[in-house]
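Single-letter residue listing:
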Amino acid sequence: MADITLISGSTLGGAEYVAEHLAEQLEDAGFTTETLHGPVADELSTDGIWLVVSSTHGAGDIPDNLLPFYEYLREEKPDLSAVRFGAIGIGSREYDTFCGAIDKLDAEMKACGAKQIGETLKINVLEHDIPEDPAELWLGSWKNLLK
Ligand SMILES: Cc1cc2nc3c(=O)[nH]c(=O)nc-3n(C[C@H](O)[C@H](O)[C@H](O)COP(=O)(O)O)c2cc1C
């Protein structure tokens, strides 16, 4: 099993690029990673460290490719007490539901017993043309919390 499983939810690809970039950074720091874009339940091991990166679409909605994951959490309530997770949301402040998807995902993961490591990072794409930059900065402190 990889040290860290990156889980991305994206409609237009931005959050996927961020997840891939962070996976590279983590590998450079000596962690093993696996990156799942819109995983289904069978692909997930319910222990270890997850790093969830999701943009928001619709009106605070989860991207389509992450809906199966979200429904799995909501409906099956897997025991995630052995999971620790980090969370990054990508969205635009022009919406009232800024980064609504990562808030919903956070809440469901916690309801299943997962423990969050660090604070949720919310990246406003109106401020950051390159969301990889704030994500990389955040990752620098987040990975120290894993020790
Ligand atoms: C139709 C549409 C609806 C959106 N709704 C929201 C929203 O409710 N909240 C938010 O924070 N951002 C919203 N966004 C902004 C996207 O999350 C943002 O553009 C993000 O960078 C897209 O990432 P992706 O390439 O991973 O899909 C919306 C964008 C579009 C095109």
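Residues numbered from 1 in each chain as written. Predicted model: local features only at pLDDT ≥ 70, side-chain atom pairs only at ≥ 80, totals over all residues. Heavy atoms only, no water.

Engineer: Sorry if this is basic, but what is going on with the overall build of the chain here?
Structural biologist: Within the chain, the secondary structure is distributed over four helices and six strands. For the chain, the α and β elements follow one another from N to C terminus as β-α-β-β-α-β-α-β-β-α. Expected size for 147 residues packed as a compact globule is a radius of gyration near 15 Å; at 14 Å, the chain falls within 12% of this value. If you line up the chain on its principal axes, its C-alpha atoms span 35 × 35 × 20 Å. The long-range share in the chain, meaning contacts at least 24 apart out of those at least 6 apart in sequence, stands at 81%. With the model as given, the accessible surface of the chain reaches about 7100 Å², and the carbon-plus-sulfur share is 47%. Of the charged side chains in the chain, 10 are positive and 27 negative, and the gap between their average positions amounts to 9 Å. (Helix = DSSP H or I, 4+ residues; strand = E, 2+ residues; numbered from the N terminus. Rg over C-alpha atoms; globule rule 2.2 N^0.38 Å. Contact = heavy atoms within 4.5 Å. Areas by Shrake-Rupley, 256 points an atom, 1.4 Å probe, with all protein chains shown as cover. Lys, Arg positive; Asp, Glu negative; His and termini not counted. Charge placed at Lys NZ, Arg CZ, Asp CG, Glu CD.)

Engineer: I'm lost on the packing of aromatic side chains in this one. Help?
Structural biologist: What characterises a pair of aromatic rings is the spacing of the ring centres plus the angle enclosed by the ring planes. For the structure shown, the criterion picks out two aromatic pairs. Relative to W142, the ring of W138 has its centre 5.5 Å away and its plane inclined at 15 degrees; by these criteria the two rings are stacked. Linking W138 with W142, this pair stays in helix 4 (residues 132-142), spanning four residues, or about one helical turn. For W138, a relative accessible area of 13% translates into the label buried. (Phe/Tyr/Trp six-rings, centres within 6.5 Å; stacked < 30°, edge-to-face > 60°. Buried < 20%, exposed > 50% of the residue type's maximum accessible area, 1.4 Å probe, protein only.)

Engineer: It is not clear to me how unusual backbone geometry should be interpreted in this structure. Could you clarify?
Structural biologist: Most peptide bonds adopt trans geometry, and most residues besides glycine take a negative phi value. The phi torsion at K77 lies on the positive side, around 40 degrees, for a residue other than glycine. Relative to the helices and strands, K77 resides in the loop between helix 2 (67-76) and strand 4 (83-91). On the basis of relative accessibility, which here comes to 43%, the residue K77 falls in the partly exposed class. At C99, a residue that is not glycine, the phi angle is positive and equals roughly 55 degrees. Summarising the element assignment, C99 is placed in the loop between strand 4 and helix 3 (100-111). Exposure remark for C99: the relative accessible area of 1% places this residue in the buried category.

Engineer: Before we go on, may I ask you to explain the site of the ligand in this structure?
Structural biologist: Not every one of the 20 residues close to the ligand is listed here, only the nearest: S10, G14, T56, T97 and C99. A distance of 2.6 Å separates an oxygen atom of the ligand from a polar side-chain atom of T97. Separating an oxygen atom of the ligand from a backbone N or O atom of C99 is a distance of 2.8 Å. Of the residues that constitute the shell around the ligand, the class distribution is eight nonpolar, twelve polar and no charged. (Near = heavy atom within 4 Å. Polar contact = N/O pair within 3.5 Å; in protein donor to acceptor, adjacent residues only side chain to side chain. Nonpolar A, V, L, I, M, F, W, Y, C, P; charged D, E, K, R; others polar.)

Engineer: Explain a negative patch on the surface to me, please; I cannot follow it from the model alone.
Structural biologist: A cluster of acidic residues, D3, E20, E24, E27 and D28, forms a negative patch on the protein surface. On the basis of relative accessible area, E27 is assigned to the partly exposed category, the value being 39%. (Patch = residues over 30% accessible without salt bridge, like charges linked within 9 Å, V, L, I, M, F, W, Y side chains within 5 Å. Salt bridge = Lys/Arg side-chain N within 4 Å of Asp/Glu carboxyl O.)

Engineer: Quick question: what am I supposed to make of the pattern of salt bridges here?
Structural biologist: For side chains of opposite charge, pairing can occur when their charged atoms come near one another. Taken as a whole and assessed by the stated rule, the structure comprises four salt bridges. With a shortest N-O distance of 2.9 Å, D103 and K122 are connected by a salt bridge. Here K122 lies in strand 6 (residues 121-124) and D103 lies in helix 3, a separation of 19 residues in the sequence. Note on K122: relative accessible area 35%, which makes it partly exposed.

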